[in-house]
Structure formats: C-alpha cells, structure tokens
Amino acid sequence: MTAARRRYWLMKSEPDVYSIDDLKRDRKTMWDGVRNYQARNLMRDDMSVGDPVLFYHSNAKPMCIAGLAEVASKSYPDPSAFDRKDKHYDPKSDPENPTWMLVDVKHVATFEAPLTREMLAAEPALADMMLLRRGSRLSVQPVTAAEFKVVQALAKRAAKAAGA
DNA sequence: GCCAACGTTGGC
DNA sequence: GCCAACGTTGGC
C-alpha cells in the first residue's frame, strides 16, 4: 500500500439546488449529476477518501466558499445517469460500462463567516486559483496545498472578524 | 438579463 | 478531422 499524496479540491454547487446547509443536514451526499468529462476524471481517477474539499456556492448571493467537506468514498457509477426521470439522465450511458462516476462527499464544517468571492479575489496569494480565472466553469477543481492553506487562514480570520 | 467561455454535436 | 451551430455554466 502506497500512501496517496493528499490532494485538495473545490466543488461547486448552486445553493438553490444543494447548499452546505443541505449537506450538513444530510451529513453525506452522492455528488451526482456531473456531466463533464474533466470533472468526472478528477472524481474517478484523482480523488481519495479523506481529501479535503472546499464547498463553493455558485450562482448565489453572495458567491462564496461556504465551508469544508471531505471525499467520503471511492468513485462509483452515478445512478442518476440511469434514471429516466432524472434531470441528468443519460441514455447513452450503459449500466454495464457506466460513463458517469461520482464520489460521496461529507460535511466537515460550515464556515462561521463565508468567504465571498470578493474576499478571495482580493487575496494576492490566490491570484492563480482556478476558481478565480475568467471563464473557469469546471465544477470540480483541484486546489493546491498552498491555496488550501490560504483559504483556511482567511476563513479563520473572517470568523474572528465576524465574532469580534 | 446579458454574454463570454467553453464543451459537445453533427455535417461535411 | 475540421468547424459551425448550439447548449450550458456562471460571473457580472
């Protein structure tokens, strides 16, 4: 057994559809409905159980990193791809050889003060973060260890400021 | 609501 | 294999 290098991720969700509060309530959820090959490949090939995940609220007011989650399973076929009634049903995906894979994600912490996109954009250390790049639509993104550290520090600072 | 960015589809 | 048309994401 070789220990996998710890990797860090950011996953986007529209809070109107599924928010960090929903994740907290559910404790754990299937990250279903992803229909982008790049995002799938990251979940299928690169994620390990225990990897930290930044939970991002997209298309929201405010847009923000709302908290911390964690990869809670290995990848497995996305059942919503086989459900005719599901919005993300994919008739081309063969259950014998599934196209779409997902992982379970579990709630770790909801930030006391959400880190708004504005705050992130104002942080020089995050200048190269994929999330902040123009036109970056990928809903599952890698985050560097350095970026993750900075986000954690910002979250701590924001919580302090909010509580003070 | 607009539209830039980008992925997918399908004709050729 | 190219590329135009189209659909979606998601910030603004």
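Remember, it's a predicted structure, so these values are computed and weren't measured experimentally.

A. Layout of the nonpolar core. Met11, Trp31, Met43, Met47, Val103, Val105 and Val140 are the most contacted members of the largest nonpolar core, which has 21 residues in total. The leading source of residues in this core is strand β4 (residues 64–71), at four residues. Not counting chain neighbours up to four residues away, the residues in contact with Val140 comprise Leu10, Met11, Trp31, Ala39, Leu42, Met43 and Met47. One finds Phe111, Leu126, Leu131 and Val151 within the second-largest nonpolar core, a separate group that totals 19 residues.

B. Structural context of the packing of aromatic side chains. Counted by the stated rule, this structure contains three aromatic pairs. Consider the rings of Tyr37 and Trp100, whose centres lie 4.8 Å apart with planes at 35°: the pair is tilted. With a gap of 63 residues between them, Tyr37 in helix α2 (residues 37–46) and Trp100 in the loop between β5 (76–77) and β6 (101–102) connect regions that are remote in the sequence. Residue class for Tyr37 comes out partly exposed when judged on its relative accessible area of 48%. Taking relative accessible area as the criterion, Trp100 reaches 5% and is therefore assigned buried.

C. Geometry of the protein's contact with DNA strand B. Around DNA strand B sit Tyr37, Gln38, Lys92, Arg134, Gly135 and Arg137, and those are all the residues in its vicinity. Taking the atoms of DNA strand B that fall within 4 Å of the protein, sugar and phosphate contribute 77% of them. Arg134 places a polar side-chain atom, nitrogen or oxygen, 2.9 Å from a phosphate oxygen of DNA strand B. At a separation of 2.8 Å, a base oxygen of DNA strand B approaches a polar side-chain atom of Arg137. Looking at side-chain class alone, the surface near DNA strand B contains one nonpolar, two polar and three charged residues.

D. The arrangement of the pairing of strand β3 (residues 52–57) in detail. Judged by how many residues are buried, β3 sits mostly within the fold: six of six residues are covered. Every second residue of β3 is oriented toward a common face, with Pro52, Leu54 and Tyr56 on one face and Val53, Phe55 and His57 on the other, all of them buried. As judged from the five bridges shared by strand β1 (residues 8–13) and β3, these two strands associate in the parallel manner. Each residue of the ladder has a partner; that of Ser13, found in β3, is His57. Across six bridges, β3 lies against β4 in antiparallel orientation. Residue pairing for β4: Phe55 is matched across the bridge by Gly67. Hairpin connection, β3 to β4: the antiparallel pair is bridged by six residues, and Asn59 has positive phi, about 50°.

Conventions and cut-offs
Sequence order sets the numbering: in each chain, residues are counted from 1 along the sequence as written. Lettering of chains starts at A and numbering of ligands starts at 1, both following the order in which they are written. Owing to the predicted nature of the model, reporting of local features is limited to residues with pLDDT of at least 70; listing and counting of side-chain atom pairs is limited to 80 or more, with chain, interface and lining totals taken over all residues. Remark: hydrogens and water are excluded; side-chain values derive from all non-hydrogen atoms of the structure. Side-chain atoms within 4.5 Å are what join buried Ala, Val, Leu, Ile, Met, Phe, Trp, Tyr and Cys residues into a set we call a nonpolar core. Exposure classes here rest on a 1.4 Å probe applied to the protein chains alone. A residue is buried below 20% of its type maximum, exposed above 50%, and partly exposed in between. Here a strand is any run of E in DSSP of at least two residues, a helix any run of H or I of at least four, and the numbering for each starts at the N terminus. In what follows, a contact means two residues having at least one pair of non-hydrogen atoms within 4.5 Å. Two rings from Phe, Tyr or Trp (for Trp, the six-membered ring) form a pair when their centres sit within 6.5 Å of each other. Planes less than 30 degrees apart are called stacked, planes more than 60 degrees apart edge-to-face, and all others tilted. Only heavy atoms are used to decide nearness, and a residue is near a molecule or strand if one of them lies within 4 Å of it. The term polar contact refers here to a pair of N or O atoms within 3.5 Å; inside protein, the definition further demands a hydrogen-donor-capable atom paired with an acceptor-capable atom, and it admits residues adjacent in sequence only when both atoms are side-chain atoms. Gly is placed with the polar residues, together with every amino acid not listed as nonpolar (Ala, Val, Leu, Ile, Met, Phe, Trp, Tyr, Cys and Pro) or charged (Asp, Glu, Lys and Arg). A pair of strands is treated as paired once DSSP finds two or more bridges between them.

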